[in-house]
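The lines below spell out each chain.
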Amino acid sequence: MPDVNTLYQELIAELKQVSLLGSCAGVLGWDEQTYLPPGGVEHRANQLSLLAGMVHERATSPRIGELLSSLEQSGKVADDNDDLSANVREARRSYDRAVKLPRRLVEELSRVTSLGQQAWIEARKKSSFNDFLPWLEQIVTLKREQAIILATGDGPAYDALLDEFETGATTASVKAVFDPLRKELVELAAAIRESGRKPRTDVLKRSYPVDLQKKFAIEAAKKIGFSFHDGRLDVAAHPFCSGMGPGDCRLTTRYDEHDFPQAFFGVMHEVGHGIYEQGLDRSAYGTPLGETVSLGIHESQSRMWENFVGRSLPFWEHFYAPLQQTFPQALGDVSLDEFYAAINTVGSSFIRVESDEVTYNLHIMLRFEMEQQLISGSLKCSDVPNAWNSQFEHDFGLKVPNDTLGCLQDIHWSGGLIGYFPTYALGNMYAAQFFAHAQKELGDLAAQFRQCEFGPLKNWLNEKIHKPGKRYTPQELLFHVTGERLSPTPLILHLTKKFSSLYGM
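Worth saying up front: this structure is predicted, and the values here are computed from it rather than measured.

Undergrad: Which residues make up the overall build of the chain, and what are the values?
TA: Across its full length, the chain carries 21 helices and three strands. A compact globule built from 505 residues would reach a C-alpha radius of gyration of about 23 Å, and the chain, at 23 Å, matches this within 12%. Overall, the chain is about 75 × 50 × 45 Å in size when its C-alpha atoms are taken along their principal axes. Out of the 505 residues in the chain, the part that is buried amounts to 55%. Here the analysis covers contacts within the chain between residues at least 6 apart in sequence; of these, 73% occur between residues at least 24 apart. Per element, the accessible surface of the chain, about 20700 Å² overall, is 52% carbon and sulfur. Taking the 51 positively charged and 65 negatively charged side chains of the chain as two groups, their mean positions are separated by 2 Å.

Next comes the structure, spelled out in structure tokens:
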């Protein structure tokens, strides 16, 4: 029998081949969202379906199962997180999940979601949910089948979809942190409304030429640490980040000449994801130790750079003068304090990705509840617009005027990403805890930001969160870095302190 090292190296080689093949599909998926001509949609769906089947077949090969069993029986797989143990543990988790799914289902999900995303883009343009409905029905049916196949224990089938994006998370565990967070956010939002302060937001709707927006955003991205030698920025209907592998990280955003925050903070958000992807251990590519921990942890990085850094006053104490020089007609008569208040205005808004820090998580909770209902069957796909509009009016006090501003605003369901949304709010909580601990270890971050010194925070994140890969589960990583369990309290404290000052409460 081969020795443990030989078996381990063979396993690593197999895993890297799976990742390489998957990255080919990733490039095609990125191209579909950015440059694919409309006439190529069906052909691209067939390409992606074929690749999905090939990746699945390779990832579930009996040889990987044999290698995992041999290594597990060798006595070398320990309970700690040495390289071999962590890679074998996470490879086993992925393998056991994958082998339960028939190739037919994997390929059909890929094909239908590829076509569904293009249908969503067109339906969103026309604000016509009925044009997207047939695709949503197919996607929910397929995801329900997937959930039932993967379900374990007595929890709802939705737990299996949630666990795909946030290892160890369940509907019950998410609700346990969402419920107290919702209560505090509702009270904070009410206090802000009652303060009577209304920052000038019209200044953000003046003319900001797109070419200058792009130039400014790229320069800011470079200064906080994103490498354009190893990445690029393009335009898509819905902003996203794709980490294709070492040296290839693609960001997208969308521009509006009369909405400066949309693109700039969209870029800051995706740059946060990109810095995480670029911070992974390149030598571990293709193995769990070269992969991101979870989408919740991933989101903590994007929300940290977007909000804790990008929407902070110290950040703009450095960047506002260059911004005024770039857009003198739009901002020549606007003070730093006025601009800072404008980009942090709190109020009910229709679009999740453009909402403020206080109300953002309420958008997530609405989607979390609807996803559970779609998978359980208690909500029909055809009833989504009415259910969405009713709940949105209840939560935000706004009547949704059309589907584009309502249930068609997000790309996720069209891509089959059901179970993904809760990770956004989990990410906000992770971000608050990580940032608070970074402050303790790095000193006065505000003073550093004023001097355009973002390296200490970036390097801290690289070492503490990015380079370990999947050595730890999300909850283990949080505890390893901060010594704390997940809690909404640090996020609530951050929001209360920041917005009490802005709104004079």
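On we go.
Undergrad: Can you tell me about the sheet that holds strand β1 (residues 231-235), naming the residues and giving the values?
TA: The sheet built from three strands is open, its strands ordered β1-β3-β2 with mixed pairing. The outermost strands of the open sheet, each flanked by one partner alone, are β1 and β2 (241-245). Averaged over all pairs of adjacent strands, the angle between strand axes in this sheet comes to 20°, irrespective of strand direction. Bridging between β1 and strand β3 (residues 248-253) involves five bridges; their strand directions are parallel.

Undergrad: Outline the pairing of β2, listing residues and values.
TA: Inspection of the sheet shows β2 paired to β3 by four bridges, in the antiparallel sense. The residue of β3 that forms the bridge with G245 is D248. In this antiparallel pair of consecutive strands, β2 and β3, the connection spans two residues, and G247 shows a positive phi of 80°.

Undergrad: Report on the pattern of salt bridges, specifying residues and quantitative values.
TA: Per the stated rule, a full pass over the model turns up 39 salt bridges. The salt bridge partner of R89 is E90, with a shortest N-O separation of 3.0 Å. For E90, a relative accessible area of 7% puts it in the buried group. Between E122 and K125 there is a salt bridge; the shortest N-O distance is 3.4 Å. Residue E122 and its partner K125 are both found in helix α5 (residues 103-126); the two are separated by three residues, about one turn of the helix. Assessed through its relative accessible area of 41%, E122 is described here as partly exposed. Residue K125 is classed as exposed on the basis of its relative accessible area, which comes to 62%. Through salt bridges that share partners, R93, R97, K143, D163 and E164 make up one connected network.

Undergrad: Tell me about the nonpolar core, and please be specific about residues and values.
TA: If you look at the biggest cluster of nonpolar residues, it comprises 119 residues, and the most contacted ones within it are F178, F264, W316, F339 and L457. For this core, the element with the highest residue contribution is helix α17 (residues 422-442), accounting for 10 residues. Discounting residues that sit within four places of it in the chain, F178 has contacts with I364, M365, F368, P422, A425, L426 and M429. If you look at the next biggest cluster of nonpolar residues, it comprises 20 residues, including L15, L48, A59 and L84.

Undergrad: Can you tell me about the side chain of R367, naming the residues and giving the values?
TA: Checked against the element boundaries, R367 lands in helix α15 (residues 360-376). A polar atom in the side chain of R367 sits 2.8 Å from the backbone oxygen of H363. In terms of polar contacts, R367 uses its side chain to reach the side chain of Q409, at 3.2 Å. Setting aside residues no more than four positions away along its own chain, R367 makes contact with R352, W388, Q409, D410, W413 and F421.

Undergrad: Help me get a handle on the state of the cysteines, residues and values and all.
TA: Tallied over the entire structure, the rule returns zero disulfides. The thiol of C24 is unpaired, and the distance to the nearest cysteine sulfur, on C249, comes to 17 Å. Exposure remark for C24: the relative accessible area of 42% places this residue in the partly exposed category. A disulfide-free cysteine, C407 has its sulfur positioned 11 Å from the sulfur of C381, the nearest such atom. Under the relative-accessibility criterion, C407 is labelled buried at 7%.

Undergrad: Can you lay out the packing of helix α1 (residues 4-34) against helix α3 (residues 62-72) for me, pointing to particular residues and giving the numbers?
TA: Helix-helix packing is described using two parameters, namely the angle between the two axes and the distance between the axes. As a packed pair, α1 and α3 sit with axes 10 Å apart at the nearest point and diverge in direction by 145°. Where α1 crosses over α3, the handedness of that crossing is left-handed. Of the residues in α3, those touching α1 at V4, L7, Y8, E10, L11, E14 and V18 are R63, I64, L67, L68, S70 and L71. Looking at the contact of α1 with α3 residue by residue, the class counts come to nine nonpolar, one polar and three charged.

Undergrad: Outline the environment of L493, listing residues and values.
TA: By the secondary structure assignment, L493 is in helix α21 (residues 489-502). L493 sits 61 residues away from A432 along the chain, and the two C-alpha atoms are 8.9 Å apart.

What counts as what
- Residues numbered from 1 in each chain as written.
- Predicted model: local features only at pLDDT ≥ 70, side-chain atom pairs only at ≥ 80, totals over all residues.
- Heavy atoms only, no water.
- Helix = DSSP H or I, 4+ residues; strand = E, 2+ residues; numbered from the N terminus.
- Rg over C-alpha atoms; globule rule 2.2 N^0.38 Å.
- Buried < 20%, exposed > 50% of the residue type's maximum accessible area, 1.4 Å probe, protein only.
- Contact = heavy atoms within 4.5 Å.
- Areas by Shrake-Rupley, 256 points an atom, 1.4 Å probe, with all protein chains shown as cover.
- Lys, Arg positive; Asp, Glu negative; His and termini not counted.
- Charge placed at Lys NZ, Arg CZ, Asp CG, Glu CD.
- Pairing = 2+ DSSP bridges.
- Axes fitted to C-alpha atoms, helices over the stretch in contact; angles between N-to-C directions.
- Salt bridge = Lys/Arg side-chain N within 4 Å of Asp/Glu carboxyl O.
- Core = buried A, V, L, I, M, F, W, Y, C linked by side-chain atoms within 4.5 Å.
- Polar contact = N/O pair within 3.5 Å; in protein donor to acceptor, adjacent residues only side chain to side chain.
- Disulfide = S-S within 2.5 Å.
- Left-handed = near helix turned anticlockwise from the far one by under 90°.
- Nonpolar A, V, L, I, M, F, W, Y, C, P; charged D, E, K, R; others polar.

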